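Residues per chain, in single letters:
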Amino acid sequence: MSTHEVPAKKTIPAFTTREEEAEFWDSHDIADYWDDLKPVTLKANDDVGMAFLIRLDANQFSQLLRLADEQGVAFDALASEWVVERLRDADTLTPG
């Protein structure tokens, strides 16, 4: 390339899978593609629920992990399910 030639502009390729896109970005610098990026507007999901912290001792937590593993679910999903069941049993769960 002579000193007067302008290098070809890099463009973001079309990806067919998330893995393909991840591999691309693992080996490329986003700064080289800054002009190709477009702003987007995201809408928050109002139905995401609330999170809170519960304290369990080490034995209780180990038991929760074991039971969740036996059921093939995440421990936090199992704990949430139990709380919802207990609320339903106590007739305090509101519909909706």
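Report follows, based on the coordinates. Quantities reported herein were computed from a predicted structural model and do not represent experimental measurements.

### Focus on the layout of surface pockets
(1) Moving on: What the largest pocket holds in volume is close to 610 Å³.
(2) Moving on: If you trace the largest pocket, you find 19 residues lining it, with Phe52, Ile54, Asp76, Ala79 and Ser80 closest to the centre.
(3) Moving on: Tallied by class, the residues present in the lining of the largest pocket amount to 14 nonpolar, three polar and two charged.

### A look at helix H3 (residues 75-89)
(1) Moving on: The end-to-end C-alpha distance of H3, which contains 15 residues, comes to 21 Å, matching closely the 21 Å that a straight helix rising 1.5 Å per residue would cover.
(2) Moving on: Positive phi appears at aspartate 91, one or two residues downstream of H3, with a value of about 60°.

### Regarding the pattern of salt bridges
(1) Moving on: Counted by the stated rule, this structure contains one salt bridge.
(2) Moving on: Across the pair arginine 66 and glutamate 70 runs a salt bridge, and its minimum N-O distance is 2.9 Å. Of the two residues, arginine 66 and glutamate 70 are both situated in helix H2 (residues 58-71); the distance of four residues between them amounts to about one turn of the helix.
(3) Moving on: Classification of arginine 66 by relative accessible area gives partly exposed; the value is 42%.
(4) Moving on: Since its relative accessible area comes to 56%, glutamate 70 is described here as exposed.

### Quick word on the packing of aromatic side chains
Think of a pair of aromatic rings as described by two things: how far the centres are apart, and how the planes are tilted against each other in angle.
(1) Moving on: Under the defined criterion, the tally for this structure stands at five aromatic pairs.
(2) Moving on: Look at phenylalanine 24 and tryptophan 25: their rings are 4.9 Å apart centre to centre, the planes differ by 85°, and that puts the pair in the edge-to-face class.
(3) Moving on: Classification of tryptophan 25 by relative accessible area gives partly exposed; the value is 24%.
(4) Moving on: For the ring pair tryptophan 25 and tyrosine 33, a centre distance of 5.6 Å and an interplane angle of 85° mean the geometry is edge-to-face.
(5) Moving on: Site record: aromatic cluster; members linked through ring pairs are Phe15, Phe24, Trp25 and Tyr33.

Calculation notes
- Residues numbered from 1 in each chain as written.
- Predicted model: local features only at pLDDT ≥ 70, side-chain atom pairs only at ≥ 80, totals over all residues.
- Heavy atoms only, no water.
- 1 Å grid on protein atoms, 1.4 Å probe; cavity = no way out; pocket = protein on both sides within 12 Å on 5 of 7 lines; lining within 4 Å.
- Points joined across faces, edges and corners; volume = space filled by probe spheres on them.
- Nonpolar A, V, L, I, M, F, W, Y, C, P; charged D, E, K, R; others polar.
- Helix = DSSP H or I, 4+ residues; strand = E, 2+ residues; numbered from the N terminus.
- Expected span 1.5 Å × (residues − 1).
- Salt bridge = Lys/Arg side-chain N within 4 Å of Asp/Glu carboxyl O.
- Buried < 20%, exposed > 50% of the residue type's maximum accessible area, 1.4 Å probe, protein only.
- Phe/Tyr/Trp six-rings, centres within 6.5 Å; stacked < 30°, edge-to-face > 60°.

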